[in-house]
Each structure stands twice: as C-alpha cells, then as structure tokens.
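Residue-level listing of the chains:
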Number of protein chains: 2
Amino acid sequence: MAGRKAAAPDPARSLALLWGSHTKPGRSGLTVRAIVDAAIALADVSGLDALSMRTVAERLKVGTMSLYTHVPGKGELTDLMFDQVYGDLYADPDEPSNQPGGWRGALEFIALRNWDVLTAHPWIHEVPTMRTALGPNITRKYETELRPLDGLGLTDVEMDSALTLVLTHVQGTARAGAEQLRTQRDSGLSDEEWWRQISPTLTTVMSGTHFPTAGRVGTSVGEHFQSAMDPAHALTFGLTTILDGLTPLITSRSAVQ
Amino acid sequence: MAGRKAAAPDPARSLALLWGSHTKPGRSGLTVRAIVDAAIALADVSGLDALSMRTVAERLKVGTMSLYTHVPGKGELTDLMFDQVYGDLYADPDEPSNQPGGWRGALEFIALRNWDVLTAHPWIHEVPTMRTALGPNITRKYETELRPLDGLGLTDVEMDSALTLVLTHVQGTARAGAEQLRTQRDSGLSDEEWWRQISPTLTTVMSGTHFPTAGRVGTSVGEHFQSAMDPAHALTFGLTTILDGLTPLITSRSAVQ
DNA sequence: AGAGTGTACCGTACATTGTACGGCTCAGGT
DNA sequence: ACCTGAGCCGTACAATGTACGGTACACTCT
C-alpha cells in the first residue's frame, strides 16, 4: 500500500473498539458509528479501493485527521465495517433452527443469508477477516449458525467443520461472482463486446495447441449460461452436493445417539 | 490504490503478452520472463503488498521505467505471474487421470496439487483471476483437470460444476490458512502471546452476553488444534464431504450409461 | 466569574506508490 | 557514415495513510 506504513495494531485496542457502544458524540457530532456507516455507504458503491480516509471525511464534512480521534486507522475501520454488516444478519439466534427442513433447511437458510450480505457488500472479500473473529456481531453470528447443528450427535469439532465448509463455499462462490461483476464493470464492456475483442487474438494464438475437453466444456458452459460462469448455479450445485455429503455423517451419528 | 490510476487495460494486448514467448532479450538482457520471475520471487517472500515496480527493477538492477518497455503495467505483471505459477502444475495432461482411485482419486490429486501451489505462493489470492482465465497455462490446467471427469456420463455443465466446487473449496481454505499465517506473522505474536494479550479485554467485555454454543465449540476447537482453525483439517474434511456428495450423482449417471 | 485542563478537531508535511512524459543511447539497416 | 527505431531511464506528479503539532471548545475547580 501507499502512505506511511501502518503502526502495529494493538489487538486489545481493536477489541475494545469493536465491543464499545460507539455512540458518544463529540463536539461536532462525530461518532464511530457515523464514520463506519459513511465508510460502508462509500464502499458499497465504489469498492474498498475507492475508500480513503479523505473521502470518508469529506462525506462527513470533517477534516481528514478528525477521524483518527475515533478510529486508530484504516485497518481498524474496515474491521468495524466488517463487524457492522453482519449485525443484522439474523433476527434472533434461533432463526435458522426454526426454519423447516431440519439441519438441512437451516444450513440452506444460513447459506442464503450469507450469500445476500456478500453480494450486497462485495468489499467484504477484501477485508482481512482473521482479526475481527472476536467482534460482537461475528461472535453472535457464529453462535446462531452453530445452534442448528447442536444435538445431532456431532462432535464440537465436526459441528465447526461442517459450518466452515458451507461458509467457505458460499464465500468463495460469492467472491468469484463479485470478481466477474467487477472486471465486467470496469472494463466497460458487455460480455459480448469483450468476447468480440478477445476472439481474433485468441484463435490466432491458440492454433497449434489443442485443448479438446476444455474447448468442448468451455463452449457448453458459455452457451448454457451466456457467460464464463454462473455464480447462482455454482452456489446451489455446491450447496446441494455438500449437504448430500454431510448427510451420511449426520445420520450415522444420530443413529448412535 | 496509490499512484496514477491505471489506464484501461487492453484485453487483446494482455492476451498477446500471455501467449507470447517472452524470450527476446533487449539491450541489457531484460526479458518479460526475467521480470515475471523476479516479481514472483519477491512476492513469495514478502507478499503482493511489498511488490512494487521499484523493488522489482531494483532486484534486476534496471531503472524502474525500463520494466514498462516489456510489461504494460502492474496489473498485467500480476496476470503473468499468475499464469506462470500454474505452468508446472502437472507433468502431462493425463497425470490426474492416471492416478489410482478413479475419478475420486483424480480429484483428490488435483485438490492436493492446487493446495500446494496456493500455499507456496499465497499472493495468488490477491490477484484478480477473471482476466487471466484465458492464459495458456490456465487453459492447459483446465483441460488437465477436466479430463478425469470425462466419460462418466456427466453433462459438460456438470463436469465444470463439479470441478469448480472442488477448486473453490481448496482455494477458500487455502486463503483462510494464508490469512491466519499472515496476521500471525505481522502481529509478531505467537498464538499464545496473542491470546494473553486479548484475553483480559475479552472477558471484561463479554460479560453480560451469553454465547453458550459458540463458547463451548470454540473452546473445543481451540483445544483440539491449538489454534482457532486448522487449514489442513478443513481441507480434508471438506474434500471428503464434497466427494461423498458427488458420488450419487456420478454413479447414477454412469448407471444410465 | 475566571482560570485551568483535557479532549475533539484539523492543517501541514512526508514517505510511498503507479506511471506519464520526454530525452538519451545504442544496434542494425541503408 | 548516417538514420531510424527501439530499449532504457530520470524526473515529475497525483494519490494514499498517517505522524506531528497546533487550535479551540466544554468542562471542572476555585
């Protein structure tokens, strides 16, 4: 990155910030909450790249450096943004468990909810997540998503593994979708135009090498989805497969119970 | 990002670069190949953040702007790096198919190979992949990885979906592992020290709220792996589950055959 | 009321980035 | 011997995160 290198972040300070109430207004009404909201609004429309301390300050009509009174730095700001967007994911901690369809229905519900946030806030993919793992909203999310897997006979580690598997799939697929959208957007080209631009060079250059399977499958996929990939299809195909794969484990454990 | 905004990249130019031979040396022996190799070496040890045109040029003992004679910009350079590291993934296009264990063994082999590159070159996760999808090495990789799924009775779209599912899992898990390593590394703290630093603030701040399931499971996982997560375990658990989930689909299709 | 003090606010400065631009310097063709 | 084009590179600039030191206000204490 540019700019002066960030000072080593103090984990305890970050944690306190994460769990703080964020509502004590200062002289000009500036709050952590307001800063985070403004930053999220900006990132939603222009991505994390376009999010700078200056643009956030400008939107709030404050001096750039005033932000640093409330937030230690940009890294911590993105941590807060991350925690924030997961705040309203579930109405209550039993919402997934109350879905019809047992554990399978619950996991499908969880996957869909995660998919929704991820596609609404694609910048999430660029936030390093490890540090925020202990924020209040993330912790509540973890609690909420684990509950429908409890009491099925799975070990604690298995519960965590199963949930992680589903979430990794959703996140990875959403990320691919977001990337596709982004390149498409800032190339300014439609899929069709892009292909017209690429095609002649590609055929020139690929002549001599042979990729029979790749060629056939790639063409089929392209015709079927009118694109190189369809994130929605990847999501459901993968989710179905994963849940199918989880079924024998869970039924065997439940039987032992 | 910093610096002047990158000019809109010309896809055709990128493609030509990707497929070019890269071996025509100039006055001072500078080649695209040499530039890419230097960049990869740098990124391997310091990550993509530390990779700047200046550091690459320095390592090659050339002026910074000389790089631009061979490479249009940083974006295209990372594209080339990406394509490059996938070049030697497989010895030949039938290597996965020749593994024991049929399609399952082949997919396990593929997952492992991908896992190896991803962990050897963690910066891959930060390269936008959509643009490189048509590089020569990536295309060969796609061909190679599709072959073991051919002739099983799956449709073309199903073949692609199955492969994508496996690769998304591997990539997502590797990414999580890389992130864990990175935060651990540049916090300078061991897991133990980190926990000691966090713990008092956390207990102070969590009192009042209750996360029974999350607390129990989180503790179990932590004790079991001595860490918040174990990427290797996540990899095998997920892979097993996914392959189990793929089995009914494939056997039903093969039966029809 | 007056004085003192801490905290919110912010203007300026600086290091670092990607790369546009224009000049220099050679190798090779005529 | 000269010309030309390509390889090379020094300088300049816009943008970034944030360190540093100053200013001004709200509050407490006398």
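Residues numbered from 1 in each chain as written. Chains lettered and ligands numbered in written order. Predicted model: local features only at pLDDT ≥ 70, side-chain atom pairs only at ≥ 80, totals over all residues. Heavy atoms only, no water.

Caption draft 1: Local environment of the overall build of chain A. Looking only at helices and strands, one finds 11 helices and zero strands in chain A. Ordered by position in the sequence, the α and β elements of chain A form the string α-α-α-α-α-α-α-α-α-α-α. In chain A, the proportion of contacts linking residues at least 24 apart, taken out of those at least 6 apart, comes to 72%. For chain A, the computed accessible surface area is about 12,700 Å², with 55% contributed by carbon and sulfur atoms. (Helix = DSSP H or I, 4+ residues; strand = E, 2+ residues; numbered from the N terminus. Contact = heavy atoms within 4.5 Å. Areas by Shrake-Rupley, 256 points an atom, 1.4 Å probe, with all protein chains shown as cover.)

Caption draft 2: Seen up close, the interface of chain A and chain B. Tallying the contact residues gives 67 residues for chain A and 67 residues for chain B. Of the roughly 5,800 Å² buried between chain A and chain B on both sides combined, carbon and sulfur atoms contribute 74%. At the junction of chain A and chain B, the tally comes to four salt bridges. Its salt-bridge partner being Asp-150 of chain B, residue Arg-216 of chain A comes within 3.1 Å of it at the nearest N-O pair. Between the two partners, chain A and chain B, sit 10 residue pairs in polar contact (both at pLDDT 80 or more). The dominant element in the side of chain A that touches chain B, judged by the number of residues it contributes, is helix H8 (residues 156–187) of chain A, at 17 residues. Across the side of chain A that touches chain B, the residue classes break down as 34 nonpolar, 20 polar and 13 charged. (Buried area = accessible area lost by both parts, 1.4 Å probe. Salt bridge = Lys/Arg side-chain N within 4 Å of Asp/Glu carboxyl O. Polar contact = N/O pair within 3.5 Å; in protein donor to acceptor, adjacent residues only side chain to side chain. Nonpolar A, V, L, I, M, F, W, Y, C, P; charged D, E, K, R; others polar.)

Caption draft 3: Representation of the packing of helix H2 (residues 32–46) of chain A against helix H3 (residues 53–60) of chain A in the model. Residue and element names in this part refer to chain A. Running from amino to carboxyl end, H2 crosses H3 at an angle of 110°, the nearest separation of the two axes being 9 Å. When the interaxial angle is binned, H2 and H3 end up roughly perpendicular. The interaxial crossing formed by H2 with H3 has right-handed handedness. On H3, the residues touching Ala-34, Ile-35, Ala-38, Ala-39, Ala-41 and Leu-42 of H2 are Thr-55, Val-56, Arg-59 and Leu-60. (Axes fitted to C-alpha atoms, helices over the stretch in contact; angles between N-to-C directions. Parallel < 35°, antiparallel > 145°, perpendicular 65-115°, else oblique. Left-handed = near helix turned anticlockwise from the far one by under 90°.)

Caption draft 4: View of the UniProt feature "DNA-binding region" (unreviewed entry) in chain A. Following the UniProt record, one finds the feature "DNA-binding region" (unreviewed entry) at residues 52–71 of chain A. Summarising residues 52–71 of chain A: 60% helix, 0% strand, and an end-to-end C-alpha distance of 13 Å. (UniProt positions renumbered as here; feature names shortened; annotations may be inferred.)

Caption draft 5: Examining the confidence of the model for chain A more closely. Chain-level pLDDT for chain A is 87 on average; 85% of the residues reach the 70-or-more range. Mean pLDDT across the elements of chain A ranges from a minimum in helix H9 (residues 191–206) of chain A, with 67, to a maximum in helix H6 (residues 102–120) of chain A, with 97. (pLDDT = per-residue confidence, 0-100.)

Caption draft 6: Here's a closer look at the layout of surface pockets. Residues and elements named next belong to chain B. Roughly 400 Å³ of internal volume is contained in the second largest pocket. Around the second largest pocket, the lining is made up of 17 residues, and of these Arg-33, Asp-83, Gln-84, Gly-87 and Asn-137 lie nearest the centre. For the lining of the second largest pocket, the secondary structure elements donating two or more residues are helix H2 (32–46), helix H5 (74–85) and helix H7 (136–146). Looking at which element gives the most residues to the lining of the second largest pocket, the answer is H5, with four residues. Tallied by class, the residues present in the lining of the second largest pocket amount to seven nonpolar, seven polar and three charged. A domain-level breakdown of the lining of the second largest pocket finds at least three residues from each of domain 1 (11–85) and domain 2 (102–256). (1 Å grid on protein atoms, 1.4 Å probe; cavity = no way out; pocket = protein on both sides within 12 Å on 5 of 7 lines; lining within 4 Å. Points joined across faces, edges and corners; volume = space filled by probe spheres on them. Domains from an automatic or database assignment.)

Caption draft 7: A look at the environment of Gly-20 of chain A. By the element assignment, Gly-20 of chain A lies in the loop between helix H1 (11–19) and H2. Counting along the chain gives 116 residues from Gly-20 of chain A to Pro-136 of chain A, while the straight-line C-alpha distance between them is 9.5 Å.

Caption draft 8: Fine view of the relation of the copies chain A and chain B. Mapping chain A onto chain B calls for a rotation angle of 180° and an axial translation of 0.0 Å; the resulting RMSD is 0.0 Å. The transformation just described matches what one would write down for a two-fold rotation axis. By C-alpha distance to the rotation axis, the residue of chain A lying nearest is Gly-245 of chain A, at 1.9 Å. A high fraction, 100%, of the interface residues of chain A reappear at the interface in chain B, so the copies pair face to face through one surface. (Least-squares fit on C-alpha atoms with pLDDT ≥ 70 in both.)

Caption draft 9: Up close: unusual backbone geometry. Residue and element names in this part refer to chain A. Positive phi is not limited to glycine here, since Lys-61 has a value of about 55°. Within the element layout of this structure, Lys-61 appears in the loop between H3 and helix H4 (67–70). Here Lys-61 falls in the exposed class, since its relative accessible area comes to 78%. (Buried < 20%, exposed > 50% of the residue type's maximum accessible area, 1.4 Å probe, protein only.)

Caption draft 10: Examining H2 of chain A more closely. Residues and elements named next belong to chain A. End to end, H2 covers 21 Å across 15 residues, agreeing with the expected 21 Å (1.5 Å per residue, within 8%). Among the residues making up H2, those that are buried are Val-32, Ile-35, Val-36, Ala-38, Ala-39, Ile-40, Leu-42 and Ala-43. One or two positions beyond H2, positive phi appears at Gly-47, with a value near 85°. (Expected span 1.5 Å × (residues − 1).)

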